[in-house]
Amino acid sequence: MIVPKAFARQGQFATAVSQVAEQLRPNVVRIQHEFGDDSTGEPSVFFMVILTDTASRRDRLLTVANEVSTALVQQIAPLEEWGVLPYFSFRSQSEQAKLEPSVA
């Protein structure tokens, strides 16, 4: 069985994600990620992107979400370099605060 590079080098992957998140400020509060398999059993990375409330506004969300996902795919190359399919979810900072008040 071949283990994806992302699974074997999780620290390096986390560093790369943090660097991209820094570049995406002020719209991005943080980017969390989790490894696993998707519904078809393919090795995957699931990104949860916490956006500022301003960036999450209806009139900006599509643009910001596209910028974030494009930056992650182009700069990290999850599939090509790390062997995992990327999936993205977005949440506003206030939504995250309601779910995890001590974290946001």
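Given the structure is predicted, the values throughout are model-derived calculations rather than measurements.

Here is what the cut-offs are and how they apply
- Per chain, residues are indexed from 1 in the order of the written sequence.
- Totals for whole chains, interfaces and linings use every residue, but because this is a predicted model, local features are given only for residues with pLDDT of at least 70 and side-chain atom pairs only at 80 or more, for both listing and counting.
- With hydrogens and water excluded, all non-hydrogen atoms of the structure serve as input to the side-chain values.
- A run of DSSP states H or I qualifies as a helix once it reaches four residues; a run of E qualifies as a strand once it reaches two. Both are numbered from the N-terminal end.
- Any helix carries an expected span of 1.5 Å times its number of residues minus one.
- Only protein chains enter the accessibility calculation, which uses a 1.4 Å probe; a residue whose area is less than 20% of its type maximum is buried, one above 50% is exposed, and one in between is partly exposed.
- By definition, the arc is the one covered by directions from the helix axis to the C-beta atoms.
- Any pair of residues with heavy atoms lying within 4.5 Å of one another is described as a contacting pair.
- Two strands pair under a simple rule: DSSP has to find at least two bridges between them.
- Every axis in this analysis is a line fitted to C-alpha atoms, fitted for helices over the stretch in contact. Angles between the N-to-C directions lie between 0 and 180 degrees.
- The term salt bridge refers to a side-chain nitrogen of Lys or Arg lying within 4 Å of a carboxyl oxygen of Asp or Glu.

K.L.:
Explain helix H2 (residues 10-23) residue by residue, including any values.
P.N.:
Across its 14 residues, H2 extends 20 Å between first and last C-alpha, which sits within 8% of the 20 Å expected from 1.5 Å per residue. For H2, the complete set of buried residues consists of Phe13, Ala16, Val17, Val20 and Ala21. Looking straight down H2, one finds its buried side chains confined to an arc of 140 degrees; they lie on one side. In this structure, the buried residues of H2 make contact with helix H1 (5-8), strand E1 (28-37), strand E2 (43-51), helix H3 (58-76) and helix H4 (78-82).

K.L.:
I'd love a proper account of the sheet that holds strand E3 (residues 85-92), names of residues and values included.
P.N.:
Spatially, three strands are ordered E1-E2-E3 in an open sheet, and the strand pairing comes out mixed. For this open sheet the edge positions go to E1 and E3, each flanked by a neighbour on one side alone. The sheet shows a mean angle of 20 degrees between the axes of neighbouring strands, direction not considered. Sheet topology note: the E2/E3 ladder contains eight bridges and is parallel. Residue pairing for E3: Val45 is matched across the bridge by Pro86. Across the sheet, H2 is in contact with E1 and E2; its angle to E1 comes to roughly 150 degrees. Sheet strands in contact with H3 are E1, E2 and E3, and its direction is about 145 degrees off that of E3.

K.L.:
Can you explain the pattern of salt bridges? Please cite residues and give values.
P.N.:
Under the criterion given, the structure shown has two salt bridges. Across the pair Arg25 and Glu22 runs a salt bridge, and its minimum N-O distance is 3.0 Å. One salt bridge in this structure joins Asp59 and Arg57, with 3.0 Å as the shortest N-O distance. Residue class for Asp59 comes out exposed when judged on its relative accessible area of 58%.

K.L.:
Go over unusual backbone geometry with me, naming the residues and quoting the values.
P.N.:
Pro26 follows Arg25 through a cis peptide bond whose omega is 10 degrees. If you check the backbone angles, Ala77 has positive phi at about 55 degrees while not being a glycine. Along the chain, Ala77 turns up in the loop between H3 and H4. For Ala77, a relative accessible area of 12% corresponds to the buried category.

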